[in-house]
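Residue strings, one per chain:
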Amino acid sequence: MNRNLTVAMTAALMMTGTATQAQDVNIGRSNITLKSDLMTPEALWAMGRIGSAQASPDGKKIAYQVGYYSVKENRGHQVIRIMDADGKNDKLLTTSAKSESDVVWLDNRTLAFLTDGQLWTMSIDGSNRHQLTHSDIAIEGFRFSPDKKRVVLVKSIPYHGTIKENPDDLPKATGMLITDMNYRHWDHYVTSNAHPFVANVTANGVDAGKDILEGEPYESPMAPFGGIEQIDWSTDSKSVAYTCRKKEGTQYAISTDADIYIYNVETGKTTNLCKPADYVEPKIDATKSMRDQAVNHQSGDFNVGYDVNPKFSPDGKYIAWQSMKRNGYESDRNRLCVYELATGRKTYVTESFDSNVDDYTWSADSKSLYFIGVWHATVNVYQTNLKGAVRQLTKGDHNYVSIALLGNKQLLGIRQSISQPNEIYAITPSKGNADSQQTQLTFENKHIFDQLALGEVKDRWVATSDGKKLQEWVITPPHFDPNKRYPTLLFCEGGPQSPVSQFWSYRWNLQIMAANGYVVIAPNRRGLPGYGSEWNEQVSTDWTGQCMRDYLSSIDDAAQNLPFVDKDNLAAVGASFGGFSVYYLAGIHNKRFKCLIAHDGAFNLESMYTDTEEAWFSNWEYDDAYWNKDKSASAQRTYANSPHLNVDKWDTPILCIHGEKDYRINANQGMGAFNAARLRGIPAELLLFPDENHWVLKPQNGILWQRTFFNWLDRWLKKK
């Protein structure tokens, strides 16, 4: 936000609103002057964060969303901006103290968006604002039908399937009577479910709508990450496709079996596109391997894994979605399925791409699809025809995080890298094997990066203990002196199957680690996508095997072959599965590391098996419940190698970090690791966030996280 506009808006709001509202508006783009050319936590939080972008129907303009954050106010502000398709004439449309988000085009002159839980429209110059809904329940997402006569509204309604409603005469009672699993999810207790409502658009606005899932105890979109991308309208505006896992309680907790459903707006009939009408849900035998049962339940021309994110083709003949094959395996390969509506024929059109489809869009002529996926630690744009012939369109050391159409001849992508947060790009697809043209349209944080010196990022391949090659990123400090030796960090990835690609993070930021004087070694160890299914799947049921040997191969190679790595001052750091990795390495690293940092990591795997609310994860990754006496050899190995059983071998200072609202990996895991270290007499600290989940999302907590992180590293790796 430019300074003149900030001043004008603040003056206006001080006349019509409160001082707090005026301060809210100041959370925006500002001309920050940095005290040095090294990245700091404060510089990270001053950056604008581009979240989504959509082109107008004629492809001439782009509307997009940006989030700004105030450390002082400890809050964020979402705004809507608009620009020409070539990046010119960029303009801020949001002039309110309230956040505005989820912007979409209704036509070439009108935008729809959400603010304060209601659906609004406005002209593309920001004028003629009109509130369409006056719902008692907040609108969480929306999608208009192609003819604009109807709109799907996502609203959460009360749900008491697992947490019973308290008696009316006890209004202040805080206790919860829980009768089944799935009573909490990631960071909240499950007392409501999101439902899609089909509402009519009239001259007077939008009505309350009809609940597609009325009377059904299910959710759509699906928690914890699903949004409006899980719902789509048919081209003729007569049907709604939606994603749903129609299970509750224990069955929900042990399954990833989600399907694509078609709801006919006129008749109210619902059809499952992923299962036959006579499909019978198999019974699970809790005394046998959950993983084996999930694999064995596959049969016929249908999936029992995740089927999500449906999109109708522009010509109305097809519907596509992302599809995983196996039940309970949340990191199964995400394939792209195309379903022919007239015949019911399914074609998986990305089988030759042995990695995940992360996002996709139809071409304007419905003859092909564009998608993004990771390969060799970068996420680029690919194209497939309906027969499954895949070709790569973009190249480069970067990650595309979304892809959409920009008119009929270009694509609109949001791109990031280890050295750049999200920016919007126009892509002109090439023909043949030529590289596609990629043109940067936004420069949201140029005013900050112009003041920063960044570390150099290089990839290298190193030998593993089993004779294979592992790709890793090496990031050196700004103003790098090759004749110096630098303390070095081994970055341990989470997931366990999330790629160490060209990602940008506002917390686990590799450039800020380098800016603090550290070399960063970030390996794509066994169990990460982008190197084929065999490499990716090796980690499941073997958390402490080859993937851990890969970590040691990576850091040993750096210590031996990179002269600027100070082999006497090494640390291992990581979150989630990376945190588990640190806890495990603490017992086997043989004095390689001077200190360790583990964030939200699993420490006691027996406890973790029943602590986590998503039981399918433990079932697949551990192979079996710890109490089954005839459990498999891999399950026995998993529990026998739990980090808590190796604490007697710990001898290294460790910082443990955890959020108490993390229900995927409960905070008792971090507290247990910290307590064990202290009882062993090992220097340790615990950074505990009562109000954070698996991530650290509040600005001041984020600053505290960074300061604690680097204070701990400096204490042990930079001793004089």
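Please read these numbers as outputs of a predicted model, since none were measured by experiment.

*Asks:* Help me understand the overall build of the protein, please; the structure alone is not making it clear to me.
*Replies:* Summing up its helical and strand segments, the protein has 15 helices and 39 strands in all. For a compact globule of 720 residues, the expected C-alpha radius of gyration is about 27 Å, and the protein comes in at 26 Å, within 12% of that figure. Oriented by its inertia axes, the alpha-carbon framework of the protein measures out at about 70 × 70 × 65 Å. The burial tally for the protein puts 57% of its 720 residues in the buried class. In the protein, 59% of the contacts between residues at least 6 apart in sequence involve partners at least 24 apart. If you sum the accessible surface of the protein, you get close to 29500 Å²; carbon and sulfur atoms cover 49% of it. Side chains of the protein carry 76 positive and 84 negative charges; the gap between the two charge centres is 4 Å.

*Asks:* In this structure, what is going on with the environment of Gln706? I would like to understand it.
*Replies:* One can find Gln706 in helix H15 (residues 699–717). Residue classification places Gln706 among the buried positions, given a relative accessible area of 1%. Gln706 has contacts with Pro41, Leu44, Tyr506, Arg507 and Ile512, leaving out every residue within four places of it along the chain.

*Asks:* I would appreciate a short explanation of the sheet that holds strand E16 (residues 231–233) in the present structure.
*Replies:* Strands sit in the order E16-E17-E18-E19 across an open sheet of 4 strands; the sheet is antiparallel. Both outer strands of the open sheet, E16 and strand E19 (270–272), are each paired with one neighbouring strand and no more. The sheet shows a mean angle of 20° between the axes of neighbouring strands, taken without regard to direction. Sheet analysis places strand E17 (residues 239–244) next to strand E18 (residues 259–264), joined by 6 bridges and oriented antiparallel. Looking across to E18, one finds that Ala241 is bridged to Ile262.

*Asks:* In this structure, what is going on with the packing of aromatic side chains? I would like to understand it.
*Replies:* Aromatic ring pairs are reported here in terms of the distance separating the ring centres and the angle at which the planes meet. Considering all chains together, one arrives at 43 aromatic pairs under this definition. Arranged with centres 6.0 Å apart and planes meeting at 55°, the rings of Trp543 and Phe617 form a pair that is tilted. With a gap of 74 residues between them, Trp543 in the loop between helix H8 (533–537) and helix H9 (546–561) and Phe617 in helix H12 (residues 615–622) connect regions that are remote in the sequence. Considered together, Trp543 and Phe617 belong to a single accessibility category, that of buried residues. Between Tyr622 and Tyr639, the ring centres sit 5.8 Å apart and the planes meet at 75°, which makes this aromatic pair edge-to-face. Highlighted residues: Tyr622 in helix H12 and Tyr639 in helix H13 (residues 633–640), separated in sequence by 17 residues. Across the pair, exposure class does not vary: Tyr622 and Tyr639 are buried alike. Seen from the ring of Trp45, Arg49 lies directly overhead, with NZ or CZ sitting 4.4 Å from the centre.

*Asks:* Hey, could you run me through the pairing of strand E28 (residues 399–406) in this one?
*Replies:* Working note: regular strand, side chains alternate between the two faces of the sheet. Of the pairings in the sheet, the one linking E28 to strand E29 (residues 410–417) comprises 7 bridges and is antiparallel in character. The residue of E29 that forms the bridge with Leu405 is Leu411. Taken together, E28 and the strand that follows it, E29, pair antiparallel across an intervening segment of 3 residues, in which Gly407 is found at a positive phi of about 70°.

*Asks:* Sorry, what's going on with the UniProt feature "domain: Peptidase S9 prolyl oligopeptidase catalytic" (unreviewed entry) in the protein here?
*Replies:* Mapped onto this numbering, the UniProt entry gives "domain: Peptidase S9 prolyl oligopeptidase catalytic" (unreviewed entry) at residues 504–719. Annotation note: span residues 504–719, helix share 42%, strand share 15%, distance between end C-alpha atoms 30 Å.

*Asks:* Looking at this structure, how should I read H13?
*Replies:* An α-helix turns once per 3.6 residues; consequently, residues spaced three or four apart project the same way. Within H13, burial applies to Ser634, Ala635, Thr638 and Tyr639. Across the axial projection of H13, the buried residues extend over an arc of 130°, all falling on one side. Along its buried surface, H13 packs onto helix H11 (605–611) and H12.

*Asks:* Looking at this structure, how should I read the nonpolar core?
*Replies:* In globular proteins that are soluble, nonpolar side chains generally tend to be buried together. By size, the foremost hydrophobic cluster in this structure holds 56 residues, and its most contacted members are Leu490, Trp543, Met548, Phe580, Tyr583, Trp650 and Ile654. Non-local contacts of Trp650, meaning those with residues more than four positions away in its chain, are made with Tyr583, Ala586, Gly587, Phe603, Pro643, Ala673, Ala677, Arg680 and Ile682.

*Asks:* Just checking my understanding: could you explain a nonpolar patch on the surface for this structure?
*Replies:* Among the surface-exposed residues, Met176, Ile178, Tyr183 and Tyr189 lie close enough to one another that they form a single nonpolar patch of about 320 Å² accessible area. Mapped onto the fold, Met176 is located in the loop between strand E10 (150–158) and strand E11 (184–185).

*Asks:* Help me out: how do you make sense of the domain arrangement of the protein in this one?
*Replies:* Taken as a whole, the protein is organised into domain 1 (48–131) and domain 2 (452–603 + 641–715). Here the C-alpha centre of domain 2 lies 37 Å away from the C-alpha centre of domain 1. The interface of domain 1 with domain 2 comprises 8 residues on the first partner and 5 residues on the second. Broken down residue by residue, the surface that domain 1 buries against domain 2 is led by Arg49, Val71 and Asn74, which jointly contribute 78%. Where domain 1 packs against domain 2, one counts 0 salt bridges. Of the residues in the side of domain 1 that touches domain 2, the class split is 2 nonpolar, 3 polar and 3 charged.

*Asks:* What exactly am I supposed to notice about the environment of Ala53 here?
*Replies:* With respect to the helices and strands, Ala53 occurs in strand E1 (residues 49–55). When the C-alpha atoms of Ala53 and Pro158 are compared, they prove to be 32 Å apart, with 105 residues separating the residues in sequence. Residues within four places of Ala53 in sequence aside, it is in contact with Ile62, Ala63, Tyr64, Leu412, Ile414 and Ile424.

Thresholds, definitions, all that
- Residues numbered from 1 in each chain as written.
- Predicted model: local features only at pLDDT ≥ 70, side-chain atom pairs only at ≥ 80, totals over all residues.
- Heavy atoms only, no water.
- Helix = DSSP H or I, 4+ residues; strand = E, 2+ residues; numbered from the N terminus.
- Rg over C-alpha atoms; globule rule 2.2 N^0.38 Å.
- Buried < 20%, exposed > 50% of the residue type's maximum accessible area, 1.4 Å probe, protein only.
- Contact = heavy atoms within 4.5 Å.
- Areas by Shrake-Rupley, 256 points an atom, 1.4 Å probe, with all protein chains shown as cover.
- Lys, Arg positive; Asp, Glu negative; His and termini not counted.
- Charge placed at Lys NZ, Arg CZ, Asp CG, Glu CD.
- Pairing = 2+ DSSP bridges.
- Axes fitted to C-alpha atoms, helices over the stretch in contact; angles between N-to-C directions.
- Phe/Tyr/Trp six-rings, centres within 6.5 Å; stacked < 30°, edge-to-face > 60°.
- Lys NZ or Arg CZ within 6 Å of the ring centre and 35° of its normal.
- UniProt positions renumbered as here; feature names shortened; annotations may be inferred.
- Arc of directions from axis to C-beta.
- Core = buried A, V, L, I, M, F, W, Y, C linked by side-chain atoms within 4.5 Å.
- Patch = residues over 30% accessible without salt bridge, like charges linked within 9 Å, V, L, I, M, F, W, Y side chains within 5 Å.
- Salt bridge = Lys/Arg side-chain N within 4 Å of Asp/Glu carboxyl O.
- Domains from an automatic or database assignment.
- Buried area = accessible area lost by both parts, 1.4 Å probe.
- Nonpolar A, V, L, I, M, F, W, Y, C, P; charged D, E, K, R; others polar.

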